[in-house]
Amino acid sequence: MSDGGALGAPGEVVALRDLLLATARELGSASEARWMVEHAVGAGANALVLARRGTAVDAGIAGKVAGLVERRRRGEPLQYVLGTWAFRRLELAVDPRVLIPRPETEVVVGHALAELGRAAGDGPGPGTAPVVAVDLGTGSGAIALSLAVEGPACTSGRELQVWAVDASPDALAVASANRRSVFRAHPGAAAVHLTQGDWFEALPEELAGHVTLAVANPPYVSEAEWARLDPEVRDHEPRRALVGGPVGTEEIDRILHAACRWLAPWGVLVMELAPHQAEDAALRALVDGFDGVLVRPDLAGRSRALIARRWGGG
């Protein structure tokens, strides 16, 4: 740390209180300082409790915190610096191979779970076909694993299968590691099947016409918008997962055009998009064969989740 040379000298111990306060001064953020100190200490540490107890840590911990601070000062996102981030009920590994899970997507998953319950109730009864959910562009696996962990409450006792699709082998490696980690606390993660490929084309052909729920968080930033993004996003998160093309809606259009072939007659597509894209995407969904379309807001009240439903027709 630039002002913390006395913290972490070889062979010394450091009062955790002093380390926490020095880190907060360095970062200009008390919350980030707590996260970093707790990450360095490990094992579910609570920095405030330890500081109040007068806990001391060895110089290695102080050095680890200093390294985290330096990465953050260079503009690396906090989530990548820490290596993990919370998403709904889960703690997930994240690194530059995948997008950082965001609160907007947590809300989209909430809408998806509600639609899963509705669509599962409209389909065949218990003891017949399984409920099939698909996460298109899974990245870290955040959506797929949330569906697997929370979804069984929505499926009326029927088996839930979750397919997690991504074109990037690097992203699938992160999702696979997260599946193993989540499984230790949530055995339902075993329902997630990882598959590499391009949107619906990655799925087994026998699933065509049998998908109850498809969820997608596709790239929806245009080329021009990408150039104007915050450098913390533009310079660190994977461009391929952000930029949809010159217009930004190219991948949204591809998913909408293919979806009805894969969804069951009572199925539903839930897709995250930018607020200014919602109206055109809703029209596109109707043109491409959906029977009903809703747009739901995010936490800030902006149009964020497109919900496109089928009503049992062909």
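Here is a short report on the structure shown in this document.

Definitions and cut-offs
Residues numbered from 1 in each chain as written. Predicted model: local features only at pLDDT ≥ 70, side-chain atom pairs only at ≥ 80, totals over all residues. Heavy atoms only, no water. Helix = DSSP H or I, 4+ residues; strand = E, 2+ residues; numbered from the N terminus. Buried < 20%, exposed > 50% of the residue type's maximum accessible area, 1.4 Å probe, protein only. Contact = heavy atoms within 4.5 Å. Lys, Arg positive; Asp, Glu negative; His and termini not counted. Charge placed at Lys NZ, Arg CZ, Asp CG, Glu CD. Arc of directions from axis to C-beta. Salt bridge = Lys/Arg side-chain N within 4 Å of Asp/Glu carboxyl O. Pairing = 2+ DSSP bridges.

## Quick notes on the overall build of the chain
- If you tally the helices and strands in the chain, you get 12 helices and 13 strands.
- The principal-axis extent of the C-alpha atoms belonging to the chain is close to 70 × 45 × 35 Å.
- Within the chain, buried positions represent 49% of all 314 residues.
- At a minimum sequence separation of 6, the contacts of the chain that also span at least 24 residues come to 70%.
- Placing the 31 positive and 39 negative side-chain charges of the chain at their respective mean positions leaves the two points 4 Å apart.

## With respect to helix α12 (residues 278-287)
- If you check which residues of α12 are buried, you get Ala278, Ala281, Ala282 and Ala285. The arc enclosing the buried residues of α12, seen along the axis, measures out at 105°, which places them on a common side. Seen from the buried face of α12, the exposed residues on the opposite side, beyond 90 degrees, are Glu279, Asp280, Leu283 and Val287.
- Among the structural elements, α11 (250-262), β12 (292-297) and β13 (303-309) are those in contact with the buried residues of α12.
- Directly beyond the C-terminal end of α12, a positive phi value near 115° is found at Gly289.

## Side note on the pattern of salt bridges
- In this structure the tally under the stated criterion is 23 salt bridges.
- Between Arg88 and Glu150 there is a salt bridge, with its nearest N and O atoms 2.8 Å apart. Of this pair, Arg88 sits in the loop between β3 (84-87) and β4 (90-93) while Glu150 sits in helix α7 (residues 142-150), placing them 62 residues apart in sequence.
- For Glu150, a relative accessible area of 11% gives the class buried.
- When salt bridges that share partners are traced, they join Glu104, Asp298, Arg302 and Arg304 into one network.

## Quick notes on the side chain of Glu251
- Along the chain, Glu251 turns up in helix α11.
- Sequence-distant contacts of Glu251, that is, excluding residues within four places in its chain, are made with Trp199, Pro218, Pro219 and Gly244.

## A short note on the pairing of β12
- Two strands pair when backbone bridges link them, and β12 and β13 are joined in this way by 6 bridges, in the antiparallel orientation. Directly across from Gly292, in β13, lies its bridge partner Arg309.
- In this antiparallel pair of consecutive strands, β12 and β13, the connection spans 5 residues, and Gly301 shows a positive phi of 80°.

Bear in mind that shape data such as this cannot, by itself, settle questions of function.
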